[in-house]
Amino acid sequence: VLLNVMLCYATRMTLRQRLFCCADSRNTMTDNRQGSLLTVLLAMLVAALFVLSLMTGPAHFSPHTVIDALVSDQGVASIIVRDIRLPRTLLALLIGATFGLAGASLQGLLRNPLAEPSLFGAPQAAAAAAAAIMAFGLANALSIAVPLGGIAGALLSVGALVAIAGRRASLTVTLLAGLALASLAGAAIALILNLAPNPYIALEIAFWLLGSLRDRSMEHVWLAAPFMIASWVILAFNAGAFRALTLGEDAAASLGVNVERTRVLVVIGVALGVGAAVSVAGAISFVGLVAPHLVRRFYGYDPARVLLPAALAGAALLTAADIAVRLVPGAVEIKIGVVTALIGVPFFLAMIFHER
């Protein structure tokens, strides 16, 4: 509470604004308790979706059967749960949490409610780099070169955005820069598909780019998980800097925040997570936009408090979407990237109208 009051007085506020800020400080303890309760509920929701995902599929299992199949040998049930559904579920949780945390971090860094990795071309650039590696036979799909290429592409995209938009970019400039980078990455993907020496590989990459968790194995999990966890650590390390940046870059610097180092670390963290996620699941969009906004109204506008709930909300959202695609009847499973886009585009349009 005292830190909150100090931060309020560290900025040039009017007397009326200071009175409101101090009144908010008295409610901080109550808000923290409510936020902690909601975080526990989100964690319970993620755990429930984890079990539900292991139950869902052509062969339906009860929760008791799923638990037995995980801890002991239950024949066919263990093969289905451990080798088919468990890797898919783990990737959904990891990737959803990564995108939710990346979106909340970019929104905290840029102080922009519409900041999200896919709006700035990071997933598209990561997909272009990974597709180039696979299309031209530089490495197979399970090689370490694929996530490294995706990370390099995402790093280039997010770094270019921060450099182009500048320190004090407006919302319009930021979105236009992101649109240009996303369009460039899309053009690079189209060029790669046209130049691919094998038409079957090009077709496979085209389907992969739609985003899917089908037919993933534990090798994909072990390949991408270290990079995504490293991304979480880097972004969580900068939580205090995000809180100070709400006062502006000059005020944050006066409070001891190294703004340039924070920018570099956030760019690296987002690139690590997004690049690794795209390299194993294809382009999945809008999770990083929707997840932070679903929880922000319950945690206030402190970006440091939103990070963990946004990660949990992202994990729950992508896992629920993956369950949904398995429940929709059809000869071919709907790509999860299509489902997240159908959810995210109306949400994004609603955000734009709200900003107007």
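Since we're looking at a predicted model, the values are computed, not measured.

Overview of the overall build of the protein
- Per the secondary structure count, the protein includes 16 helices and 0 strands.
- Buried positions account for 50% of the 356 residues belonging to the protein.
- At a minimum sequence separation of 6, the contacts of the protein that also span at least 24 residues come to 76%.
- Surface summary for the protein: the accessible area is close to 16,800 Å², and the carbon and sulfur share equals 69%.

Description of the packing of helix α7 (residues 145–165) against helix α13 (residues 259–281)
- Running from amino to carboxyl end, α7 crosses α13 at an angle of 140°, the nearest separation of the two axes being 7 Å. Comparing the axis directions of α7 and α13 gives the class oblique. For the pair α7 and α13, the crossing hand works out as right-handed. Between α7, through V146, P147, G150, I151, A154, L155, V158, G159 and V162, and α13, the contact on the second element is made entirely by R263, V267, I268, V270, A271, L272, V274, G275, A276 and S279.
- Its residues assigned to classes, the contact of α7 with α13 shows 14 nonpolar, 4 polar and 1 charged.

Observations concerning the confidence of the model for the protein
- Of the residues in the protein, 88% have a pLDDT of 70 or more, and the chain-wide mean is 82.
- Between the elements of the protein, mean pLDDT differs from a low of 40, seen in helix α2 (residues 15–26), to a high of 93, seen in helix α15 (residues 303–327).
- Every residue in residues 1–26 is under pLDDT 50, and counting partners more than four places away or in other chains gives 17 contacts.

Overview of the nonpolar core
- Counting 96 residues, the largest nonpolar core has I95, W208, V270 and V274 as the members making the most contacts within it.
- It is α15 that provides the largest number of residues to this core, a total of 14 residues.
- Excluding its chain neighbours within four sequence positions, the residues that come into contact with V270 are A102, L106, V158, S231, L235 and G275.
- Judged by nonpolar contacts, the second largest core, of 9 residues, contains M55, F61, V66 and A77.

Structural notes on a nonpolar patch on the surface
- Judged by side-chain polarity, L203, F207, L210, V328, I334, V338 and L342 come together as a nonpolar surface patch covering roughly 600 Å² of accessible area.
- Contributions of two or more residues to the nonpolar patch are made by α9 (199–208) and α16 (336–355).
- Mapped onto the elements of the fold, I334 is located in the loop between α15 and α16.

A short note on unusual backbone geometry
- Of note, the phi angle at D215 is positive, near 60°, even though the residue is not glycine.
- Mapped onto the fold, D215 is located in the loop between α9 and α10 (218–237).
- One non-glycine residue, F286, adopts positive backbone phi at about 75°.
- With respect to the helices and strands, the residue F286 is situated in the loop between α13 and α14 (287–299).

So, α10
- Given a rise of 1.5 Å per residue, 20 residues ought to cover 28 Å, and the 28 Å separating the end C-alpha atoms of α10 matches this to within 8%.
- By the largest-angle criterion, A225 marks the main kink of α10, which is about 35°, and a proline, P226, follows within four residues.
- Buried within α10 are the following residues: H220, V221, L223, A224, A225, F227, M228, S231 and L235.
- Looking at the buried positions of α10, the neighbouring elements they touch are α5 (76–110), α7, α11 (239–245), α13 and α15.

Overview of the pattern of salt bridges
- Taken as a whole and judged by the stated rule, the model has 5 salt bridges.
- R88 is the salt-bridge partner of D322, the closest N and O atoms lying 2.8 Å from each other. A residue pair is termed long-range when its members are at least 10 positions apart, and D322 in helix α15 and R88 in helix α5 qualify at 234 residues.
- Relative accessible area serves as the criterion here: at 1%, D322 is assigned to the buried category.
- For R263, the salt bridge goes to E249, with nearest N and O atoms at 2.7 Å.

Thoughts on the packing of α5 against α13
- Packing of α5 against α13 brings their axes to within 10 Å, and their N-to-C directions diverge by 150°. Put simply, α5 runs roughly antiparallel to α13. In this structure, α5 meets α13 at a crossing whose hand is left-handed. Counting all contacts with α5, which are made through L91, I95, T98, F99, A102, L106 and L109, the residues of α13 involved are T262, R263, V266, V270, G273, V274, A277, V278, V280 and A281.

A word on helix α6 (residues 122–135)
- Taking 1.5 Å of rise per residue, the 14 residues of α6 would be expected to cover 20 Å, and the 20 Å separating its terminal C-alpha atoms lies within 8% of that figure.
- The element α6 is largely enclosed, with a buried count of 11 among its 14 residues.
- Every buried residue of α6 is accounted for by A122, P123, A125, A126, A127, A128, A130, A131, I133, M134 and A135.
- In the stretch just after α6, G137 is the one whose phi turns positive, near 70°.

About the cut-offs
Residues numbered from 1 in each chain as written. Predicted model: local features only at pLDDT ≥ 70, side-chain atom pairs only at ≥ 80, totals over all residues. Heavy atoms only, no water. Helix = DSSP H or I, 4+ residues; strand = E, 2+ residues; numbered from the N terminus. Buried < 20%, exposed > 50% of the residue type's maximum accessible area, 1.4 Å probe, protein only. Contact = heavy atoms within 4.5 Å. Areas by Shrake-Rupley, 256 points an atom, 1.4 Å probe, with all protein chains shown as cover. Axes fitted to C-alpha atoms, helices over the stretch in contact; angles between N-to-C directions. Parallel < 35°, antiparallel > 145°, perpendicular 65-115°, else oblique. Left-handed = near helix turned anticlockwise from the far one by under 90°. Nonpolar A, V, L, I, M, F, W, Y, C, P; charged D, E, K, R; others polar. pLDDT = per-residue confidence, 0-100. Core = buried A, V, L, I, M, F, W, Y, C linked by side-chain atoms within 4.5 Å. Patch = residues over 30% accessible without salt bridge, like charges linked within 9 Å, V, L, I, M, F, W, Y side chains within 5 Å. Salt bridge = Lys/Arg side-chain N within 4 Å of Asp/Glu carboxyl O. Expected span 1.5 Å × (residues − 1). Bend = angle between axes of the 7 residues up to and from the residue.

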